[in-house]
Amino acid sequence: MSKTSKTTKKRRFKWGLSLPTTIICIAFVVISILCATKYYDIEMTRRRLEAEKASLEAQRAALVDRNNNILAQGVAGQDQVYVENVARSQLDMVYPGEIIFRTTGN
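1. Side note on the overall build of the protein chain
Phase 1 of the analysis: If you tally the helices and strands in the protein chain, you get 3 helices and 0 strands.
Phase 2 of the analysis: In the protein chain, the succession of α and β elements from N to C terminus is α-α-α.
Phase 3 of the analysis: A buried classification covers 4% of the 106 residues belonging to the protein chain.
Phase 4 of the analysis: Accessible surface computed for the protein chain: about 10200 Å², of which carbon and sulfur atoms make up 62%.

If you want it as structure tokens, here you go:
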């Protein structure tokens, strides 16, 4: 072999891969690891959000039931006469300027 033929050959590592091939393989491994970790993060976020969604749906169902119970009892607050009666009888509330007179049974 002549001196010129040695310099024109590509240099190879021990296992026979050229430098560009080695760089491409390392880049592929790094990108694969980055993609796997990103996928893991996304999957954990998805699971957390699904659990939160289930919790919120349960809370919503409980609130809908509570609202329906309140509406069934007539305490929705939309009936002004009912609200005024409850305020006067149970909470001892009066309009400004009104005076309450209480008498005893004797």
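This is not the end of the story, as more comes after the structure.
2. Details of the pattern of salt bridges
Phase 1 of the analysis: In this structure the tally under the stated criterion is 6 salt bridges.
Phase 2 of the analysis: Between Arg48 and Glu52 there is a salt bridge, and its shortest N-O distance comes to 3.7 Å. A residue pair is termed a helical-turn pair when its members lie 3 or 4 positions apart in one helix, as Arg48 and Glu52 do in helix α2 (residues 19-73) at 4 residues.
Phase 3 of the analysis: What emerges from the salt-bridge pattern is a single network uniting Glu43, Arg46, Arg47 and Glu50.

3. Comments concerning a nonpolar patch on the surface
Phase 1 of the analysis: A cluster of nonpolar side chains, contributed by Ile26, Val30 and Leu34, occupies part of the molecular surface with about 280 Å² of accessible area.
Phase 2 of the analysis: Of note, Leu34 is situated in helix α2.

4. Notes on the side chain of Ser18
Phase 1 of the analysis: Within the secondary structure, Ser18 sits in the loop between α1 (3-8) and α2.
Phase 2 of the analysis: At 3.0 Å, the side chain of Ser18 forms a polar contact with the side chain of Thr21.

5. Digging into the confidence of the model for the protein chain
Phase 1 of the analysis: Taken as a whole, the protein chain shows an average pLDDT of 82; of its residues, 78% reach a score of 70 or greater.
Phase 2 of the analysis: Mean pLDDT in the protein chain bottoms out at α1, which sits at 52, and peaks at α2, which reaches 93.

6. Points about unusual backbone geometry
Phase 1 of the analysis: Even without being glycine, Asp92 reaches a positive phi, approximately 55 degrees.
Phase 2 of the analysis: Summarising the element assignment, Asp92 is placed in the segment after α3 (80-89).

Rules of the game
Residues numbered from 1 in each chain as written. Predicted model: local features only at pLDDT ≥ 70, side-chain atom pairs only at ≥ 80, totals over all residues. Heavy atoms only, no water. Helix = DSSP H or I, 4+ residues; strand = E, 2+ residues; numbered from the N terminus. Buried < 20%, exposed > 50% of the residue type's maximum accessible area, 1.4 Å probe, protein only. Areas by Shrake-Rupley, 256 points an atom, 1.4 Å probe, with all protein chains shown as cover. Salt bridge = Lys/Arg side-chain N within 4 Å of Asp/Glu carboxyl O. Patch = residues over 30% accessible without salt bridge, like charges linked within 9 Å, V, L, I, M, F, W, Y side chains within 5 Å. Polar contact = N/O pair within 3.5 Å; in protein donor to acceptor, adjacent residues only side chain to side chain. pLDDT = per-residue confidence, 0-100.

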